[in-house]
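Now for the letters of each chain:
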Amino acid sequence: HFDIKAIGESIEDNSDQSRAFAALIEGDATLAQLLYRLKHFDEQEQAAAQAEAATADISVFLAAPVVIRRTIAFPYAEGRQFVISLFLETEDFELINEAFEYVPSSTEQIIHPEKYASREEPVEINVPDVSSSLGEGWAEVDRDTFGELFLRAYLESWIDAQDASVAAEGWGGDSFALYEGPGGELALGALTRWDTAEDAVEFFDAFRDVT
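Report follows, based on the coordinates. (Residues numbered from 1 in each chain as written. Predicted model: local features only at pLDDT ≥ 70, side-chain atom pairs only at ≥ 80, totals over all residues. Heavy atoms only, no water.)

1. Considering the nonpolar core
It is characteristic of soluble globular proteins that their nonpolar side chains tend to be buried jointly.
Then step 1. Counting 18 residues, the largest nonpolar core has Leu24, Phe74, Phe82, Val83, Leu86, Ile96 and Ile110 as the members making the most contacts within it.
Then step 2. The element that contributes the greatest number of residues to this core is helix H2 (residues 15-40), accounting for 5 residues.
Then step 3. Here Ile110 is in contact with Ala20, Ala23, Phe74, Glu78, Gly79, Phe82 and Pro104, once residues within four sequence places are set aside.
Then step 4. Phe146, Phe176, Trp194 and Ala206 belong to the second largest nonpolar core, which has 11 residues in total. (Core = buried A, V, L, I, M, F, W, Y, C linked by side-chain atoms within 4.5 Å. Buried < 20%, exposed > 50% of the residue type's maximum accessible area, 1.4 Å probe, protein only. Helix = DSSP H or I, 4+ residues; strand = E, 2+ residues; numbered from the N terminus. Contact = heavy atoms within 4.5 Å.)

And the structure:
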């Protein structure tokens, strides 16, 4: 028995970790649904279920920006693949159940299950509060973590998806702070860490190209 609400509350200040947890939940549910259909549905019932899904109206979803589409689809796409990879290790739900004890700590661990298996944790980064140096009336209004998924999706808005994937790989951790000025102006400050210098350069080059 897992206290899912308590787990969710413990990570609510980290959007990247929240997305990873959502991917675990939805991936688990999607796999359970798939296994149930294979075991209990005959061919006609499976075809009917597939036909119903195929006729769903997703025009609003497709009209949304890439970042929105990717973050919405992530739990059902990468989350499903992550949970399936755990299931195939033992051909049962043992490792999936264990994942609710050791919850994935980043979207990186969902995208790269081997990093979850090796317990590669994000680097903790503290962005200093620089509101006082921005001028009178500026204040910090939010701080959070982008994560590999968000950075990858942002790049996908402008460049080829495969190039964006390569640029975002090697993410080690990040943190950002958002500031608002007296006239409603906004400023964003962020720090990122990468596994290697090459990873950092690949992201920097891609980010520079899109900006």
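2. Some points on the pattern of salt bridges
Then step 1. If you walk through the whole model with that rule in mind, you get 8 salt bridges.
Then step 2. Of the charged contacts in the structure, one is a salt bridge between Arg70 and Glu156, with a shortest N-O distance of 3.2 Å. Here Arg70, found in helix H5 (residues 66-73), pairs with Glu156, found in helix H11 (residues 147-156); they are 86 residues apart in sequence, far enough to count as distant.
Then step 3. Where salt bridges share partners, they join Arg70, Glu78, Arg152 and Glu156 into one cluster. (Salt bridge = Lys/Arg side-chain N within 4 Å of Asp/Glu carboxyl O.)

3. Thoughts on the packing of aromatic side chains
Then step 1. Scanning the model with the defined rule gives 9 aromatic pairs in all.
Then step 2. Measuring from ring centre to ring centre gives 5.4 Å for Phe87 and Phe93, while their planes differ by 70°; the resulting arrangement is edge-to-face.
Then step 3. Relative accessible area serves as the criterion here: at 16%, Phe87 is assigned to the buried category.
Then step 4. A relative accessible area of 27% means that Phe93 is categorised as partly exposed.
Then step 5. Aromatic pair Phe203 and Phe207: ring centres 5.9 Å apart, planes at 20°, arrangement stacked. (Phe/Tyr/Trp six-rings, centres within 6.5 Å; stacked < 30°, edge-to-face > 60°.)

4. What about the side chain of Lys115?
Then step 1. Among the secondary structure elements, Lys115 is positioned in helix H9 (residues 113-117).
Then step 2. Setting aside residues no more than four positions away along its own chain, Lys115 makes contact with Glu108, Gln109, Glu120, Gly170 and Asp195.

5. A look at a negative patch on the surface
Then step 1. A cluster of acidic residues, Glu91, Asp92, Glu94, Glu98 and Glu101, forms a negative patch on the protein surface.
Then step 2. By the element assignment, Glu91 lies in the loop between helix H6 (78-90) and helix H7 (94-99).
Then step 3. Glu91 sits in the exposed class, given a relative accessible area of 64%. (Patch = residues over 30% accessible without salt bridge, like charges linked within 9 Å, V, L, I, M, F, W, Y side chains within 5 Å. Areas by Shrake-Rupley, 256 points an atom, 1.4 Å probe, with all protein chains shown as cover. Lys, Arg positive; Asp, Glu negative; His and termini not counted. Charge placed at Lys NZ, Arg CZ, Asp CG, Glu CD.)

6. Description of the packing of H11 against helix H12 (residues 161-168)
Then step 1. Relative orientation of the contacting elements H11 and H12 amounts to 145°, with a least axis distance of 8 Å. Our pair here, H11 against H12, has a crossing hand that is right-handed. Contacts between H11 and H12 involve Glu148, Arg152, Leu155 and Glu156 from the former and Ala161, Ala164, Ser165, Ala167 and Ala168 from the latter.
Then step 2. For the contact of H11 with H12, the residue count by class is 5 nonpolar, 1 polar and 3 charged. (Axes fitted to C-alpha atoms, helices over the stretch in contact; angles between N-to-C directions. Left-handed = near helix turned anticlockwise from the far one by under 90°. Nonpolar A, V, L, I, M, F, W, Y, C, P; charged D, E, K, R; others polar.)

7. What about H6?
Then step 1. Taken together, the buried positions of H6 are occupied by Glu78, Gly79, Phe82, Val83, Leu86 and Phe87.
Then step 2. Remark: Glu91 follows H6 within two positions and exhibits a positive phi of approximately 60°.

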